[in-house]
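A closer look at the structure
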Amino acid sequence: MLTQKALYLYNKRQITQATEHKQPYLDYEKQWIYSGLRSIDDASNPKSYKDLTRDIANFVTAESDGPTESSIYVSEKISLDQFRVLVQEFAVDGLTEAQIFYSIMPRLPLIAQLPMLRILIDEFGSGNPKRTHSELYKNLLQELYMPADEAFYHDKIDNLSYAFINMFYWLTLRADDPSYFVGALTYLESIIPAVFPCYVEACQRLGIQHHHYYSEHCHIDAYHAKECFRILKAMHQTNTLNISKAWKGLRLASLVTNQAFEQAVQKAQRLNGLGYILPHTGLAI
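Let me sum up the structure you'll find in this document. Since this is a predicted model, take the numbers as computed values, not measurements. (Residues numbered from 1 in each chain as written. Predicted model: local features only at pLDDT ≥ 70, side-chain atom pairs only at ≥ 80, totals over all residues. Heavy atoms only, no water.)

As enumerated under the stated definition, the model contains zero disulfides in all. Cysteine C218 is unpaired, with the sulfur of C198 as its nearest cysteine sulfur at 8.6 Å. Of the cysteine sulfurs around C228, a residue in no disulfide, the closest is that of C218, at 16 Å. (Disulfide = S-S within 2.5 Å.)

Spelled out as structure tokens, the structure:
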């Protein structure tokens, strides 16, 4: 039986190996993705570009209007051991962040590629290897005495954590329209400055010095959101924007992201996380 973990490892292989696709993986992915899309399909889909930009802004405002119980817990109550579990759940994503985004570039119209490229340049540290987002995550892991080897976490993280990563493989590689990806990315870049402060506040409270993965996102993603709206505008001007699919991409990203975060916090609260002894501490989690 296939799982999100199996799909992720398959996706990784497909990027580096020129092999034919295996239909069972594609069928599994299609069933999962379209189940999510069907669950959010409703009559309120925007009908015009103006409606889309307005509805995106309203949707993000509604989601970021006040902290959730989980974000309050992370900000005010999560212990250091529990925070390690939360960090663990997004370690595979953090250590590979934005690498698959390159695949969307040739699918975008030329004038939409420049704002997308500016986002990618930031993701990869503006040319400074020490400032790439994946390197910032490694620094965080090392401070927490956690391995910086992605493979270590393959058997540790939850199915929904893998789903968050796999969503981007579908959006960039196999979705029939790049509008899905642009809608999803616009959501994430717009919502992160509102939701990541709970991580920054947890780091401050717990005395974690390498908070920059989170604080950098709070800063730079506000600019990335503007770039995403430039991509939407460029696609609209070139008649390559599918308004309905951009909206569904946004809603899919909201669904998958919130599910992953909620399960990660719940897992941290249960302390059923790392399952190994932290080096140099003797602390078992």
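The next subject is the pattern of salt bridges. Inspection of the entire model under this criterion finds 11 salt bridges. Close ionic contact of E29 with R174 constitutes a salt bridge, the shortest N to O distance being 2.7 Å. Of the two residues, E29 is situated in helix α2 (residues 23-40) and R174 in helix α9 (residues 159-174); the sequence distance between them amounts to 145 residues. The class of E29 is buried, set by a relative accessible area of 3%. Between D81 and R84 there is a salt bridge whose closest N-O contact spans 3.0 Å. Remark: R84 and D81 occur in helix α5 (residues 80-89); sequence separation between them is three residues, near one turn of the helix. Judged by relative accessible area, which is 5%, R84 ranks as buried. What emerges from the salt-bridge pattern is a single network uniting D51, R54 and D55. (Salt bridge = Lys/Arg side-chain N within 4 Å of Asp/Glu carboxyl O. Helix = DSSP H or I, 4+ residues; strand = E, 2+ residues; numbered from the N terminus. Buried < 20%, exposed > 50% of the residue type's maximum accessible area, 1.4 Å probe, protein only.)

Let's shift gears to the nonpolar core. A general tendency of soluble globular proteins is for nonpolar side chains to be buried together. Residues F83, M116 and Y214 are the most contacted members of the largest nonpolar core, which totals 89 residues. Ranked by residues supplied to this core, first place goes to helix α13 (residues 243-270) with 12 residues. Every residue in contact with F83, bar those within four places of it in the chain, is listed here: I78, L144, Y199, A202, C203, L206, I208 and Y214. (Core = buried A, V, L, I, M, F, W, Y, C linked by side-chain atoms within 4.5 Å. Contact = heavy atoms within 4.5 Å.)

On to helix α3 (residues 49-63), then. The first and last C-alpha atoms of α3 sit 21 Å apart over 15 residues, in line with the 21 Å expected at 1.5 Å per residue. The complete set of buried residues in α3 reads Y49, L52, D55, I56, F59 and V60. Down the axis of α3, the buried side of the element spans an arc of 130 degrees, and every buried residue falls inside it. When the buried face of α3 is taken as reference, the exposed residues oriented beyond 90 degrees from it are K50 and A62. (Expected span 1.5 Å × (residues − 1). Arc of directions from axis to C-beta.)

So, about unusual backbone geometry. Despite not being glycine, A98 has its phi angle at roughly 70 degrees, a positive value. Among the secondary structure elements, A98 is positioned in the loop between α6 (91-95) and α7 (110-123). According to the relative accessible area criterion, A98 is buried, its value standing at 7%. In this model, Y145 sits at a positive phi of 60 degrees, which is unusual for a non-glycine residue. Tracing the backbone shows Y145 in the loop between α8 (133-143) and α9.

A few words on the packing of helix α1 (residues 4-16) against α2. In the contact formed by α1 and α2, the axes pass within 10 Å of each other and the chain directions differ by 120 degrees. As judged from the angle between their axes, α1 and α2 are oblique. Relative to α2, α1 is oriented so that their crossing is left-handed. Here Q4, A6, L7, Y10 and R13 of α1 lie close against α2, whose contacting residues are Y25, Y28, E29 and W32. Classifying every residue of the contact of α1 with α2 by side-chain character gives six nonpolar, one polar and two charged. (Axes fitted to C-alpha atoms, helices over the stretch in contact; angles between N-to-C directions. Parallel < 35°, antiparallel > 145°, perpendicular 65-115°, else oblique. Left-handed = near helix turned anticlockwise from the far one by under 90°. Nonpolar A, V, L, I, M, F, W, Y, C, P; charged D, E, K, R; others polar.)

Turning our eyes to something else, we now look at the side chain of S161. Along the chain, S161 turns up in helix α9. The exposure class assigned to S161 is buried, which follows from its relative accessible area of 1%. Side-chain polar atoms of S161 contact the side chain of E89, separated by 2.7 Å. If near-sequence neighbours (up to four positions away) are discounted, S161 is found in contact with E89 and Q263. (Polar contact = N/O pair within 3.5 Å; in protein donor to acceptor, adjacent residues only side chain to side chain.)

The next subject is α7. Between the first and last C-alpha of α7 there are 20 Å, a value that for 14 residues agrees with the 20 Å anticipated at 1.5 Å per step. Taken as a whole, α7 has its buried residues at A112, P115, M116, I119, L120 and E123. Buried residues along α7 sit in contact with α8, α10 (179-195) and α12 (212-237). Just downstream of α7, G125 is the residue with a positive phi angle, here 75 degrees.

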